[in-house]
Amino acid sequence: MVLQVLESHKITFHEDEMSPEGLSHNMALHITVQCEDYFITRVLIDGGSKINICLLITLRTLGKSLHEIKDGAINVKAFDGSQRSTIGEISLCLQMGPTWFDVDFQVMDVPASYNLLLGRPWIHAAGAVASTLHQAVNFE
C-alpha cells in the first residue's frame, strides 16, 4: 500500500526528453518563463545557489523602476569566489508552463550569462526536480 502511494507522487523523466547530444552534453539548464507580458529567456536553474537572482538589466527590460526594489541588500559569494552586494529584493510573478509562481529575487547589477537565476528557494517552493541531463524541470 505504501509503495502505491509513493509511486503516485513520483516525478520522472523520459528518454525522449534527453537532448540530441545524449549523455555527452555539458549544458547548463536554461528555460524560458513569462513575466507579465514579457518572455524571459536564459533563465538558469541552479540547485547550487541558495538565492534567486534577478539582474538589474532584466528588471529594466521588464519596465520596473529602482523604487520597486525593497531594501534588504545582502552580501553574496559569486561563482568566482568574490564577494558582491545585492541592491535589494523584488518579487516577480513568473509563469512556467501552466503554473504561476511568486518568486522573491535578490537584485544584482553584474554581468552574467543568464537573465534570472532560480536557485534552491524556488526549486524547493515549487517542489521542482531539475535534470541537466534531460534539460527539463518537472514539478508537481
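Notes on the structure follow.

A word on unusual backbone geometry
Here the phi dihedral of glutamate 36 falls at roughly 55°; this positive angle occurs in a residue that is not glycine. By the element assignment, glutamate 36 lies in the loop between β1 (30-35) and β2 (38-45). The partly exposed category is assigned to glutamate 36, whose relative accessible area is 41%. Phi is positive for arginine 42, close to 55°, though the residue is something other than glycine. Structurally, arginine 42 can be placed in strand β2. Given a relative accessible area of 40%, arginine 42 falls into the partly exposed group.

As for the nonpolar core
Core analysis: the largest hydrophobic core is formed by 27 residues, its most contacted members being Leu92, Leu94, Phe105, Leu118 and Trp122. At the level of elements, β1, β2, α2 (56-61), β6 (88-96), β7 (99-108), β8 (116-118) and α3 (120-126) are the ones that each hand at least two residues to this core. Counting residues in hydrophobic clusters, the runner-up holds nine residues, among them Leu44, Leu55, Met108 and Tyr114.

Details of the side chain of asparagine 52
With respect to the helices and strands, the residue asparagine 52 is situated in the loop between β2 and β3 (53-55). Judged by its relative accessible area of 5%, asparagine 52 falls in the buried class. A polar side-chain atom of asparagine 52 sits 3.1 Å from the main-chain carbonyl oxygen of aspartate 104. Apart from residues no more than four positions distant in its own chain, asparagine 52 is found in contact with Val103, Asp104, Phe105, Gln106, Leu117, Leu118, Gly119, Pro121 and Trp122.

Focus: the environment of isoleucine 31
Along the chain, isoleucine 31 falls in strand β1. Here isoleucine 31 falls in the buried class, since its relative accessible area comes to 18%. Put simply, isoleucine 31 and glutamine 135 are 104 residues apart on the chain and 8.6 Å apart in space, counted from C-alpha to C-alpha. Ignoring sequence-local partners within four residues, the contact set of isoleucine 31 consists of Ile40, Thr41, Arg42, Val43, Ile45, Met96 and Val137.

So, the pattern of salt bridges
Inspection of the entire model under this criterion finds two salt bridges. Salt-bridge contacts for glutamate 36 lead to lysine 64; the nearest nitrogen and oxygen are separated by 2.7 Å. With glutamate 36 in the loop between β1 and β2 and lysine 64 in the loop between α2 and β4 (75-77), this residue pair connects regions lying 28 residues apart in the sequence. A residue is classified by how much of its surface remains accessible, and lysine 64, at 18% relative accessible area, is buried. For lysine 64, the salt bridge goes to glutamate 68, with nearest N and O atoms at 3.9 Å. The network of salt bridges with common partners includes Glu36, Lys64 and Glu68.

Rules behind the numbers
- Residues numbered from 1 in each chain as written.
- Predicted model: local features only at pLDDT ≥ 70, side-chain atom pairs only at ≥ 80, totals over all residues.
- Heavy atoms only, no water.
- Helix = DSSP H or I, 4+ residues; strand = E, 2+ residues; numbered from the N terminus.
- Buried < 20%, exposed > 50% of the residue type's maximum accessible area, 1.4 Å probe, protein only.
- Core = buried A, V, L, I, M, F, W, Y, C linked by side-chain atoms within 4.5 Å.
- Polar contact = N/O pair within 3.5 Å; in protein donor to acceptor, adjacent residues only side chain to side chain.
- Contact = heavy atoms within 4.5 Å.
- Salt bridge = Lys/Arg side-chain N within 4 Å of Asp/Glu carboxyl O.

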